[in-house]
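# Results of the structural survey
Residues per chain are reported as follows:
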There are 2 protein chains.
Amino acid sequence: MPKTRYHAPSALLPGGWARDVLVTVGGDGLITSLACDTAPPPGAVRMPGAMLPGMANLHSHAFQRAMAGLGEEAARCGQDSFWTWRETMYRFLERLRPRDVAAVASQLYLEMLKAGYTAVGEFHYLHHQADGTPYDDPAEMSWRILEAAGRTGIAMTLLPVLYSCGGFGGRPPSPGQRRFVLDAEGYARLWETLRAGTAARLGIAPHSLRAVTREGLGEALAAVEGMDPDAPVHIHIAEQIREVEDCRTWSRARPVEWLLGHFPVDESWCLVHATHVTAGEIAAVARRGAVAGLCPTTEANLGDGMFPLSSFLASRGVFGIGSDSHVSTSPVEELRWLEYVQRLRRRRRCVVSAPDRRHAGEALWRAALEGGRRALAQPVGRLEAGCRADFIVLDPDHPSLAGRRDGRLVDSFIFAAGGSPVRDVVVGGRHVIAGGRHALEDGIAGEYRAALDRLLA
Amino acid sequence: MPKTRYHAPSALLPGGWARDVLVTVGGDGLITSLACDTAPPPGAVRMPGAMLPGMANLHSHAFQRAMAGLGEEAARCGQDSFWTWRETMYRFLERLRPRDVAAVASQLYLEMLKAGYTAVGEFHYLHHQADGTPYDDPAEMSWRILEAAGRTGIAMTLLPVLYSCGGFGGRPPSPGQRRFVLDAEGYARLWETLRAGTAARLGIAPHSLRAVTREGLGEALAAVEGMDPDAPVHIHIAEQIREVEDCRTWSRARPVEWLLGHFPVDESWCLVHATHVTAGEIAAVARRGAVAGLCPTTEANLGDGMFPLSSFLASRGVFGIGSDSHVSTSPVEELRWLEYVQRLRRRRRCVVSAPDRRHAGEALWRAALEGGRRALAQPVGRLEAGCRADFIVLDPDHPSLAGRRDGRLVDSFIFAAGGSPVRDVVVGGRHVIAGGRHALEDGIAGEYRAALDRLLA
């Protein structure tokens, strides 16, 4: 495959803003070289606006996009919570077939690309048929997820989920959870099957401490380590107060405390949510180098609580963002409100950017790039040689960006833009969104609507 | 002017959802009749999606749209606040000319319409030239604001601002405030001029207790009452802790407490922000029937703090929403995050909708319509005979709304839609947004960009 070249009037490089940037992409989708202050050579694709590294979405449950907005009916006065929402989700799952999952994931990934995400970590737990029987091919649902990623062009780290129990201490799963259940042995077989059938990056995702036993998690980690010692590990943790209380009842320790005490958590781990953590836990997570996988819009929608971001940053913790339940599919809304919730708590402005006095929008984008790179275990998040050519181009004609450049441009993108000013998106050198459109957009939306009409009939 | 008729397959009426709704609009823009279960007659404009009353934006400073995103640079480590942002705003003001204000307001109102706002309360304090000299026509800037409203078609309640002092106790204004300053007498003259020159609804807006004296406010209120006893009164209040402290130092009372004790605050008043209030103040505001003018995105951006919405609703308080500094121009983001911040505080879901167990999205939309109607003192916010024909139509083909109807549809509009699914907007019977576009869209955006290029050069 020949080399592709992209030229932009400005670009956000690891060291700062550069002008007239030429990015050369090899046949493998990696950046082979990057030159600044260079006129566009003949044959280069000329991008009209500023180029930024594309954002990694480190936490997605694709099928939940289809039910976004359906859990908003007040059922019990003042008592609706994460747990009542979870029941709604279990009911919704009953009707989902593999083809529905492919349709929903395709529409979702397309929306993500258009909003500025170039890679996604799919935390995939919907393994079996509605009655809990495995499909003839136990990886059936995983293939549908990978098919959606391939079709839309988003990069993926597939995180098949280990879900064995219904609560702490090995409690049996509930009927609502039967489509998720795998033991460590079945999990290792699924992983092996996927490894043989896809080139996509794979990780391991114990659902939560509620859903695994210590032994089961140890076995699954050992089995995967034998196949790929660098596989990233993702786990939901400490999202809800009740989860923390149940963990203490079971083990006398808080979830993060217990996990750090029993497993070799390090830079290859991503702790998703980690909402309810003590100062000691925060410092320990930062010290280990584990990524905090923050999902601001979902955590707000579910009423989880507020992650102590300032303390975590003060300990030099690394975070990334995920859209999780997909009530939003925009990295801008995640980052904007991650910062805003901290401002409301502390009654101060520019929380994330304060330590190094950067532009708040640019500081947020850069920080989440770094966490996403680590959590997805992919060479992304930086415009430099050796990294994959995953980037977005902002529309210079978008009114919200008028007159802005560099740091102010990204600030206005994050804090002031209505609609999406993302004009072009390139993943692995492939120009998947051009002029705000995806080539398969209308067909994918039509399939999605047809699936939804059936599911909600 | 002949009657216009609009037909939609469903509509949100005061009593609930209705099917096959025909709205007939008189030459004055008011709804003359409304029929349900009616086939579209010949000549009716057929709307393809659900019809909702358009949202009122009760608090806008139009010029601030141009600087949205420019105050995001961390200047002092951990010390950036509302007050440092205000200095940025004062500096930005120095270059603004009347034609810039017209260009910025036109672009802003167009964005508002496309996002679902049909009316705006413009809290207008930029009266004079850059050096503080009044324009030859002291209402020059006000005319530019009204021109932008007329051009885009958004309905307006113009709230010219009384700004006489730079702090509590009649402190003189600072140089940054010189473009705002009017005494009560000058204010009454401005009001009289506007009243003679426009048919737009006018209100009175003492900027804040910082910016007026008790005597000055009393005189201005009396003067306006003589011209229009029903004029609404809007005031910024208790937005910042420092403001509360300064007020106590000056008067021994908190701002809301002082205001309620010294002026006849009633249903015609809108207390903008009212962030820092005690339980007693909350109950008293609700009892008086004053509207709480909440501006969730601006209050978050500025790190103001969190309004105690649950307590206010429990006292049957009425609120509306405003986009204020215009870091967002979408009623969806205001309402979504108004609810989300409460969920994060209380670790519960469906806060606004809990008391009557409605759909959360529909409950938010309805509540803000009622507050907006009261605060703007216009016959809006309801689809019924006698109200103005101000409504929006949701795009039935938008993927985020696939398979949804009625309450679920509005929930997904508020909590799950990316982009704007607003397809059509009608204000006073005039079809201003059709198929997602405004007839003057490209020209207005071009003028806006030209103005910004000059302002930020």
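Residues numbered from 1 in each chain as written. Chains lettered and ligands numbered in written order. Predicted model: local features only at pLDDT ≥ 70, side-chain atom pairs only at ≥ 80, totals over all residues. Heavy atoms only, no water.

### Some thoughts on the overall build of chain A
Looking only at helices and strands, one finds 14 helices and 18 strands in chain A. Scaling as 2.2 N^0.38, a compact globule of 457 residues should have a C-alpha radius of gyration of about 23 Å, and chain A matches this with 21 Å. Referenced to the eigenvectors of the C-alpha coordinate spread, the extents of chain A come out at roughly 65 × 50 × 45 Å. Long-range pairs, those at least 24 residues apart, make up 74% of the contacts in chain A between residues at least 6 apart in sequence. Only carbon and sulfur atoms are counted for the fraction: they give 48% of the accessible area of chain A, which is about 15,300 Å². Taking the average place of the 51 positive charges on the side chains of chain A and the average place of its 52 negative ones, the gap between the two points comes to 5 Å. (Helix = DSSP H or I, 4+ residues; strand = E, 2+ residues; numbered from the N terminus. Rg over C-alpha atoms; globule rule 2.2 N^0.38 Å. Contact = heavy atoms within 4.5 Å. Areas by Shrake-Rupley, 256 points an atom, 1.4 Å probe, with all protein chains shown as cover. Lys, Arg positive; Asp, Glu negative; His and termini not counted. Charge placed at Lys NZ, Arg CZ, Asp CG, Glu CD.)

### Some details on helix H14 (residues 441-455) of chain B
All names here are of chain B. With 15 residues, H14 extends 21 Å from end C-alpha to end C-alpha; this agrees with the ideal 21 Å at 1.5 Å per step. Those residues of H14 not exposed but buried are Glu441, Ile444, Ala445, Tyr448, Ala451, Leu452 and Leu455. Each buried residue of H14 sits inside an arc of 125° when the element is viewed along its axis, so together they form one side. Turning to H14, the residues buried within the fold contact helix H1 (82-93), helix H2 (98-115), helix H3 (140-152) and strand S18 (437-438). (Expected span 1.5 Å × (residues − 1). Buried < 20%, exposed > 50% of the residue type's maximum accessible area, 1.4 Å probe, protein only. Arc of directions from axis to C-beta.)

### Overview of the relation of the copies chain B and chain A
For the pair chain B and chain A, the relating rotation is 180°, the translation along its axis is 0.0 Å, and the fit reaches an RMSD of 0.0 Å. The operation mapping one copy onto its partner corresponds to a two-fold rotation axis. The rotation axis passes nearest to the C-alpha of B:Gly419 in chain B, at a distance of 2.6 Å. (Least-squares fit on C-alpha atoms with pLDDT ≥ 70 in both.)

### Considerations on the pairing of strand S7 (residues 117-124) of chain A
All names here are of chain A. By the criterion of burial, S7 is predominantly enclosed, with eight of the eight residues buried. Examined bridge by bridge, S7 and strand S8 (residues 155-162) share six bridges and lie parallel to one another. Opposite alanine 119, over in S8, you have alanine 155 as the bridge partner. One crossover worth recording links S7 to the parallel S8 by way of helix H3 (residues 140-152), and it is right-handed. (Pairing = 2+ DSSP bridges. Right-handed = clockwise from strand over helix to strand, strands pointing away.)

### Looking at the interface of chain B and chain A
Contacts between the two partners involve 70 residues from chain B, matched on the other side by 70 residues from chain A. Both sides together, the interface formed by chain B and chain A hides about 6,000 Å², and carbon and sulfur atoms give 54% of it. Across the contact surface, chain B and chain A share six salt bridges. Across the pair B:Glu72 and A:Arg349 runs a salt bridge, and its minimum N-O distance is 3.1 Å. Counting across the interface, chain B meets chain A through 31 residue pairs in polar contact (both at pLDDT 80 or more). For the side of chain B that touches chain A, the secondary structure elements donating two or more residues are H1, H2, helix H9 (296-301), helix H11 (331-346), helix H13 (406-415) and H14 of chain B. (Buried area = accessible area lost by both parts, 1.4 Å probe. Salt bridge = Lys/Arg side-chain N within 4 Å of Asp/Glu carboxyl O. Polar contact = N/O pair within 3.5 Å; in protein donor to acceptor, adjacent residues only side chain to side chain.)

### Focus on unusual backbone geometry
In this structure, A:Asp406 is a non-glycine residue whose phi angle is positive, near 55°. Considering the arrangement of structural elements, one finds A:Asp406 in helix H13 (residues 406-415). Positioned with a positive phi, B:Arg347 is a non-glycine residue whose angle comes to about 55°. Along the chain, B:Arg347 turns up in the loop between H11 and helix H12 (360-376).

### Points about the side chain of B:Glu334
Along the chain, the position of B:Glu334 falls in helix H11. A:Arg336 provides the closest opposite charge to the buried, salt-bridge-free B:Glu334, at an N-O distance of 8.2 Å. Within polar-contact distance, the side chain of B:Glu334 engages the side chain of B:Thr297 at 2.7 Å. Ignoring any residue separated from it by four or fewer positions in sequence, one finds B:Glu334 in contact with B:Tyr117, B:Cys295, B:Pro296, B:Thr297, B:Ile321, B:Gly322, B:Ser323 and B:Ser328.

### Describing the confidence of the model for chain A
Across chain A, the average pLDDT comes to 95, with 99% of residues at or above 70. We note a pTM of 0.97 for the whole complex and an ipTM of 0.96 for its interfaces. (pLDDT = per-residue confidence, 0-100.)

### Here's the deal with the environment of B:Arg404
Positionally, B:Arg404 belongs in the loop between strand S15 (391-394) and H13. Note on B:Arg404: relative accessible area 7%, which makes it buried. Each C-alpha atom of the pair B:Arg404 and B:Ala119 lies 27 Å from the other, and the pair is 285 residues apart in sequence. Once residues within four sequence positions are removed from consideration, B:Arg404 is found in contact with A:Arg65, A:Ala66, A:Met67, A:Ala68, A:Leu70, A:Leu452, A:Leu456, B:Leu409 and B:Ser412. A distance of 2.9 Å separates the side chain of B:Arg404 from the backbone oxygen of B:Ala402, its partner in a polar contact. Within the structure, the side chain of B:Arg404 is placed 2.9 Å from the side chain of B:Ser412, a separation counted as a polar contact.

### Focus on the packing of helix H11 (residues 331-346) of chain A against helix H12 (residues 360-376) of chain A
Residues and elements named next belong to chain A. Where H11 meets H12, the axes come as close as 10 Å, and the angle between the chain directions of the two elements is 115°. With respect to each other, H11 and H12 are oriented roughly perpendicular. Crossing of H11 against H12: the hand is right-handed. Note on element contacts: H12 touches H11 through Ala360, Leu364, Trp365 and Ala368, opposite Pro331, Leu335, Leu338, Glu339 and Arg343. Across the contact of H11 with H12, the residue classes tally to seven nonpolar, no polar and two charged. (Axes fitted to C-alpha atoms, helices over the stretch in contact; angles between N-to-C directions. Parallel < 35°, antiparallel > 145°, perpendicular 65-115°, else oblique. Left-handed = near helix turned anticlockwise from the far one by under 90°. Nonpolar A, V, L, I, M, F, W, Y, C, P; charged D, E, K, R; others polar.)

### Remarks on helix H4 (residues 184-197) of chain B
With 14 residues, H4(B) should cover 20 Å at 1.5 Å per step; its first-to-last C-alpha distance of 20 Å lies within 8% of that length. Residues B:Ala184, B:Gly186, B:Tyr187, B:Ala188, B:Leu190, B:Trp191 and B:Leu194 constitute the buried set of H4(B).

### What to know about the packing of helix H7 (residues 255-262) of chain B against helix H8 (residues 279-288) of chain B
The relative placement of two packed helices is expressed as an angle between their axes plus a distance between the axes. All names here are of chain B. Here H7 crosses H8 at 40°, and the two axes come no closer than 10 Å. What the angle tells us is that H7 and H8 run oblique. When the axes of H7 and H8 are compared, the crossing they make is left-handed. Seen from H7, the contacting residues are Val256, Glu257 and Leu260; seen from H8, they are Glu281, Ala284, Val285 and Arg288. Considering only residue class, the contact of H7 with H8 consists of four nonpolar, no polar and three charged.

### Quick notes on the nonpolar core
Among the nonpolar cores identified, the biggest contains 289 residues, and A:Tyr109 and B:Tyr109 are the most heavily contacted of them. Leave out the neighbours within four places in its chain, and A:Tyr109 touches A:Ser60, A:Ala62, A:Val120, A:Glu122, A:Ile145, A:Ala148, A:Ala149, A:Thr152, A:Ile154 and A:Met156. (Core = buried A, V, L, I, M, F, W, Y, C linked by side-chain atoms within 4.5 Å.)

### With respect to the packing of aromatic side chains
A complete count under the given rule lists 29 aromatic pairs over all chains for this structure. Consider the rings of A:Tyr6 and A:Phe391, whose centres lie 5.3 Å apart with planes at 80°: the pair is edge-to-face. In this pair, A:Tyr6 sits in strand S1 (residues 4-13) while A:Phe391 sits in strand S15 (residues 391-394), placing the two residues 385 residues apart along the sequence. Taking 4.8 Å as the distance between ring centres and 90° as the angle between the ring planes, the aromatic pair formed by B:Trp337 and B:Tyr340 counts as edge-to-face. Of this pair, B:Trp337 and B:Tyr340 both sit in helix H11, separated by three residues, roughly a single helical turn. Taken individually, B:Trp337 and B:Tyr340 each receive the classification buried, so the pair is uniform in this respect. One aromatic cluster is present, formed by A:Trp337, A:Tyr340, A:Phe415, B:Trp337, B:Tyr340 and B:Phe415 through successive ring pairs. The side chain of A:Arg242 reaches across the aromatic face of A:Trp83, ending 3.9 Å from its centre. (Phe/Tyr/Trp six-rings, centres within 6.5 Å; stacked < 30°, edge-to-face > 60°. Lys NZ or Arg CZ within 6 Å of the ring centre and 35° of its normal.)

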